Number of protein chains: 6
Amino acid sequence: MKAAHATRAPADAPAAPPPISRYPVPALDALPADIRDRILEVQEKAGFVPNVFITLAHRPDEFRAFFAYHDALMLKDGGLTKAEREMIVVATSSANHCHYCVIAHGAILRIRAKQPLLADQVAVNYLNADLTPRQRAMLDFAVKVAERSHEVSDSDIETLRRDGMTDDEIWDIGAIAALFALSNRMANLMALRPNDEFYTMGRAPK
Amino acid sequence: MKAAHATRAPADAPAAPPPISRYPVPALDALPADIRDRILEVQEKAGFVPNVFITLAHRPDEFRAFFAYHDALMLKDGGLTKAEREMIVVATSSANHCHYCVIAHGAILRIRAKQPLLADQVAVNYLNADLTPRQRAMLDFAVKVAERSHEVSDSDIETLRRDGMTDDEIWDIGAIAALFALSNRMANLMALRPNDEFYTMGRAPK
Amino acid sequence: MKAAHATRAPADAPAAPPPISRYPVPALDALPADIRDRILEVQEKAGFVPNVFITLAHRPDEFRAFFAYHDALMLKDGGLTKAEREMIVVATSSANHCHYCVIAHGAILRIRAKQPLLADQVAVNYLNADLTPRQRAMLDFAVKVAERSHEVSDSDIETLRRDGMTDDEIWDIGAIAALFALSNRMANLMALRPNDEFYTMGRAPK
Amino acid sequence: MKAAHATRAPADAPAAPPPISRYPVPALDALPADIRDRILEVQEKAGFVPNVFITLAHRPDEFRAFFAYHDALMLKDGGLTKAEREMIVVATSSANHCHYCVIAHGAILRIRAKQPLLADQVAVNYLNADLTPRQRAMLDFAVKVAERSHEVSDSDIETLRRDGMTDDEIWDIGAIAALFALSNRMANLMALRPNDEFYTMGRAPK
Amino acid sequence: MKAAHATRAPADAPAAPPPISRYPVPALDALPADIRDRILEVQEKAGFVPNVFITLAHRPDEFRAFFAYHDALMLKDGGLTKAEREMIVVATSSANHCHYCVIAHGAILRIRAKQPLLADQVAVNYLNADLTPRQRAMLDFAVKVAERSHEVSDSDIETLRRDGMTDDEIWDIGAIAALFALSNRMANLMALRPNDEFYTMGRAPK
Amino acid sequence: MKAAHATRAPADAPAAPPPISRYPVPALDALPADIRDRILEVQEKAGFVPNVFITLAHRPDEFRAFFAYHDALMLKDGGLTKAEREMIVVATSSANHCHYCVIAHGAILRIRAKQPLLADQVAVNYLNADLTPRQRAMLDFAVKVAERSHEVSDSDIETLRRDGMTDDEIWDIGAIAALFALSNRMANLMALRPNDEFYTMGRAPK
């Protein structure tokens, strides 16, 4: 970690790019095969390796558990749309001031929702974003789970049901908020840096 | 205001664009000449009329006072660079969750600083942005003025002086934070909507 | 500023009066004519020069913009009464722990409202002050704008309308809270000291 | 309590004075002799009966215990001056937004300290009041006990000792903050109204 | 106090038991007779001397006032049950992170309520504890008095009345919360250590 | 979920035991073999099935990911002791007011640390618990990650290194705080009830 810190350059010394993590970043070919394969797969699809993959691979068992959890919640079929799930990630990651997750999942949200403005709106103040009433109720609950889950009550559940959410969808909202409570803290622990690519992805209107 | 509210469409009804303010938006040619001239001048320069101009013109005297204050702090020569002043705006407007100011001044910051990533970094968590030590000290003080100005002490001033700030620059940091404390609250009162153009300005690296 | 600090005497060394600002205080006859005239005018009327005038004159352009904004909101005819406007100033300045504004505008409130107890009540806890229901709703909204303007919603506006406020009055409440968000931060930045006269003005019952 | 509520008049209906407590206020001659004597004694000395006496007498046993505690801390000889003790009351009662205690003990502080401005300064923002370094350290600790006593640490105690406080004085600071934590909550529970006399007592400079 | 601090041993040096207070602990036979008698009485009943008695006896007058207040609220007949009073103590002491009061009154609550699980539930999150609706309303009000008593309003009182509370019971809820606001701060000031006995008392189900 | 709610009995109707989750609880023999085996294994070892296993099995994929993450951090050899890891869980779960995790991991901490008092101390106020300086520094960092991870800085890392923590241990502290950020939110979402057994485990001194 020392070397990485020594090269953390201030903005007015642009020659040295800042490190992407406080912790050592493994070389791709030194990784276990399953992790390397997963990383090559995402690289194939995205055109680059999102930094969360290569930095979290510093701890292979935690890498595997994290992405298993992620896939179970973010990739499964049915229930919330993929865009709605990303809205939850952006809203709660903004509440936690997580640099990596707001920027990277903001990009994914722009792409999934085909709304180039929505991610920035949700990141700054979801209360004032271009949301449907269902989406607004969804984010109210997600942010409550993120910030004061001990106040979640039966009456919150009833409200969401009246808004048309199924019990499975309510679990998903809470569980995505909970997973990114973990993810945001890990990214902040590592000072995880988003790839430059994320900042511009999906900004052109469809 | 009723009509405006009636057309505030949810995101899944894209035909009707949301209003840019909770309050009536004046027609350009109904405005006093000095205000109309100022608006035409900014339109000439930017290629569009930033919404804060036309919406704040609902109150001509407040429009004049606001932009006089703005120009005194943001356009004057010497001291803080123009990019530094915009960093203060973005950091404090993010602390206040002001949709308009984060998006619009984020765009201006990208252009002024010639760093396409910096505005989003500062908006999410300035503690983790690509800043020089001087910029970091500047934003620490600006956010303190924004959030708990009653705790500003002589020792804060001494710290900034040791970081190389002049007394005039220290005033400027505090005054810009103070002006956008006003601006953010007015924008949130109006539910002021940023122009779509701001979201993409200055994103291409130089 | 060094000299001013050197004379900031502790309370048990009463010989040296504390400075009225952290920043240099200009001599009246060194000021631009319009500012000097404004100051002489207020001195004529009040019998003394309120410290905010002479200290803010350190920056003539900001002085002009601030008082233009102030006059547009605090002196205009119609809408909120002058006493109501001062209640907003005292309630929000107390939320911001602004020494100058609570003491000085507390005095003005006592005079405008002809209620010698109201200013102190509003400063300590407006929730428990001698207010009409309309005044209470007004201060609830003003304090919301002061403390969490990003949560202002259409339903807040509707509530105020039902309480009999016009849309123009609602703007005024929010705008006064916004202007003193600026003013409180400037006063705290300067460590602006209220004139001794303010503490006793208007205390005799009418 | 119903009757009292019925007469709680808004400010614009001055004929009916607001009640001094949410709870029934006993008649002086219906009180136990020791309590009546105490009240007559304070009336003799102050020229009026401070409302906390007559309202708390609704519960005689609590009255006795409260004033026994009060006298043990506020009236005993040695250690903190009487003015310093009142500074602690005003600073912590302001943190708790207690109408009665800020107004009534503000008056007593003015008289004890022979500084007509100090009480209002401490009530608005003690960080910016005319205090000696010892008084400032005293109030920092008192407000910590009032707001987050679970964070009091051995190093706080060491700091106060270095500032010249004895262990007995440190106990007194904490204990006065603790007693008014109780007192403020009882006053807020009762919506206890300060006597009008307190607002003006001690305002003339000595 | 110096000696006590010197022997405050870390957990990995178990030979030296930690002190029970930051302040000197008086010897029983050096105490005034009335205090010694009270302590012997509680020792007779409980089988040990709860540390709050012997440590608070460092200040005899405050000891007498505190226990007079305590007995007036916690031992009187009628109104709230003794178990309900202890619930208020545990819920508000947990909000104040008071080590002594949560552990000691948790034990008393287990015994009074004959519910061995309730005290730990209330200490962690009373919103999720095994409470009747009446008990839940009681704790909502108690915690409001503990944390933001300045927001207590006539409508809170009305709500409790509708839940079946008498005005006297409402006073008791608020007064117990107020007394332990004092008690928690004194315990945190002293770093008062609970007796080991309290941790296990009343845990066997009845 | 309806049925479960209908049987959530208040404390004064003890006949009906409250549900252990807001969500349906699967029957053991309806579960996938790997999950059933894991549950039988823990039952064999503990003598009962901790409720988190059977309730989280409602979502098999999330169950697998959660326990894979748990085992990677809580069961691996080297670095932090098992007792230290449980201290982190109890301190951060208490900050999140998570009923299940404080009670269940409090029991495990008592057993691992062979200190029957430590868990309750850490749950109420870790700042005042019987900790070594290393443990105190560990919990300071863990709670910072739990509550404001965006403020984690290089200087926090340096402080922990000076206290003798390795970089791998620092990761572990942060990662355990992050995992229980997730776990606490899921438990609060489900209103997960701890097994009665946990309340008394490990209370007898060794």
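Residues numbered from 1 in each chain as written. Chains lettered and ligands numbered in written order. Predicted model: local features only at pLDDT ≥ 70, side-chain atom pairs only at ≥ 80, totals over all residues. Heavy atoms only, no water.

Trainee: So, the interface of chain B and chain C: which residues are in play, and what are the values?
Mentor: Between chain B and chain C, the contact holds 49 residues from the first and 48 residues from the second. Carbon and sulfur atoms supply 63% of the area that chain B and chain C bury against each other, a total of about 4200 Å² over both sides. Looking at the side of chain B facing chain C, the largest losses of area belong to Y69, W171 and R185 of chain B, adding up to 21% of the total buried there. Inspection of the region where chain B meets chain C yields 6 salt bridges. With a closest N to O distance of 2.7 Å, R59 of chain C and D172 of chain B form a salt bridge. There are 20 residue pairs in polar contact (both at pLDDT 80 or more) connecting chain B and chain C. At the level of secondary structure, the elements contributing two or more residues to the side of chain B that touches chain C comprise α1 (2–6), α3 (51–56), α4 (60–74), α8 (133–148), α9 (154–162) and α10 (167–190) of chain B. At 17 residues, α10 of chain B tops the list of elements feeding residues into the side of chain B that touches chain C. Residue composition of the side of chain B that touches chain C, grouped by class: 24 nonpolar, 11 polar and 14 charged. (Contact = heavy atoms within 4.5 Å. Buried area = accessible area lost by both parts, 1.4 Å probe. Salt bridge = Lys/Arg side-chain N within 4 Å of Asp/Glu carboxyl O. Polar contact = N/O pair within 3.5 Å; in protein donor to acceptor, adjacent residues only side chain to side chain. Helix = DSSP H or I, 4+ residues; strand = E, 2+ residues; numbered from the N terminus. Nonpolar A, V, L, I, M, F, W, Y, C, P; charged D, E, K, R; others polar.)

Trainee: Please give an account of the interface of chain A and chain F that cites residues and values.
Mentor: Size of an interface, as often reported, equals the accessible area lost when the parts are brought together. Counting from both sides, the interface comprises 48 residues of chain A and, opposite them, 49 residues of chain F. Interface area, chain A with chain F, both sides summed: about 4200 Å², of which 63% is carbon and sulfur. On the chain A side of the interface with chain F, the three residues burying the most area are Y69, W171 and R185 of chain A, jointly 21% of the side's total. In this assembly, chain A and chain F are joined by 6 salt bridges. Joining chain A to chain F, the criterion identifies 20 residue pairs in polar contact (both at pLDDT 80 or more). Among the elements of the structure, α1 (2–6), α3 (51–56), α4 (60–74), α8 (133–148), α9 (154–162) and α10 (167–190) of chain A are those that each provide at least two residues to the side of chain A that touches chain F. Among the elements that take part in the side of chain A that touches chain F, α10 of chain A stands out by supplying 17 residues, more than any other. Looking at the side of chain A that touches chain F, its residues break down into 24 nonpolar, 11 polar and 13 charged.

Trainee: Help me get a handle on the relation of the copies chain A and chain F, residues and values and all.
Mentor: After a rotation of 180° and a shift along the axis of 0.0 Å, chain A superposes on chain F with an RMSD of 0.0 Å. The superposition operator between the copies reduces to a two-fold rotation axis. Here 100% of the contact residues of chain A are again contact residues in chain F; the copies associate through an equivalent surface. (Least-squares fit on C-alpha atoms with pLDDT ≥ 70 in both.)

Trainee: So, the packing of aromatic side chains: which residues are in play, and what are the values?
Mentor: All names here are of chain A. The final tally for this structure, using the stated rule, is 42 aromatic pairs over all chains. Seen from their ring centres, Y100 and F198 are 6.1 Å apart, and the 85° between their planes marks the pair as edge-to-face. Taken together, the residues Y100 in helix α6 (residues 99–113) and F198 in the segment after α10 connect sequence positions 98 residues apart. Each member of the pair, Y100 together with F198, is buried. (Phe/Tyr/Trp six-rings, centres within 6.5 Å; stacked < 30°, edge-to-face > 60°. Buried < 20%, exposed > 50% of the residue type's maximum accessible area, 1.4 Å probe, protein only.)

Trainee: Requested: an account of the pattern of salt bridges, with residues and values cited.
Mentor: Scanning the model with the defined rule gives 108 salt bridges over all chains in all. Between R59 of chain C and D168 of chain B there is a salt bridge whose closest N-O contact spans 3.3 Å. Of this pair, R59 of chain C sits in the loop between α3 (51–56) and α4 (60–74) while D168 of chain B sits in helix α10, placing the two residues on different chains. Classification of R59 of chain C as buried rests on a relative accessible area of 8%. Salt bridges sharing partners connect three or more residues here, namely R59 and E62 of chain A together with K76, D168 and D172 of chain F.

Trainee: Lay out the confidence of the model for chain A with the relevant residues and their values.
Mentor: Interpretation of the predicted coordinates at a detailed level should be avoided for regions scoring low in pLDDT. Taken residue by residue, chain A gives an average pLDDT of 92. The fraction at 70 or more is 91%. Low pLDDT, under 50, characterises residues 1–14 of chain A; the predicted model gives this stretch 31 contacts beyond four residues in sequence or across chains. (pLDDT = per-residue confidence, 0-100.)

Trainee: Report on the relation of the copies chain B and chain C, specifying residues and quantitative values.
Mentor: Superposing chain B onto chain C takes a rotation of 180° combined with a translation of 0.0 Å along the rotation axis, leaving an RMSD of 0.0 Å. When you check the interface residues of chain B against chain C, 98% turn up at the interface there too, and the contact is symmetric in its surfaces.

Trainee: For the environment of H70 of chain D, give the residues involved together with the corresponding values.
Mentor: All names here are of chain D. Relative to the assigned elements, H70 resides in helix α4 (residues 60–74). Through-space distance from the C-alpha of H70 to that of I176 is 8.4 Å; in sequence the pair is 106 residues apart. Those residues within four positions of H70 in sequence are excluded, and the remaining contacts are L75, L179 and F180.

Trainee: Outline the environment of S93 of chain C, listing residues and values.
Mentor: Residue and element names in this part refer to chain C. Relative to the helices and strands, S93 resides in helix α5 (residues 82–95). Remark: the alpha-carbon pair of S93 and H105, spanning 12 residues in sequence, is separated by 9.0 Å. Once you skip the residues sitting within four places of it in the chain, S93 turns out to touch C98, C101, V102, F180 and N184.

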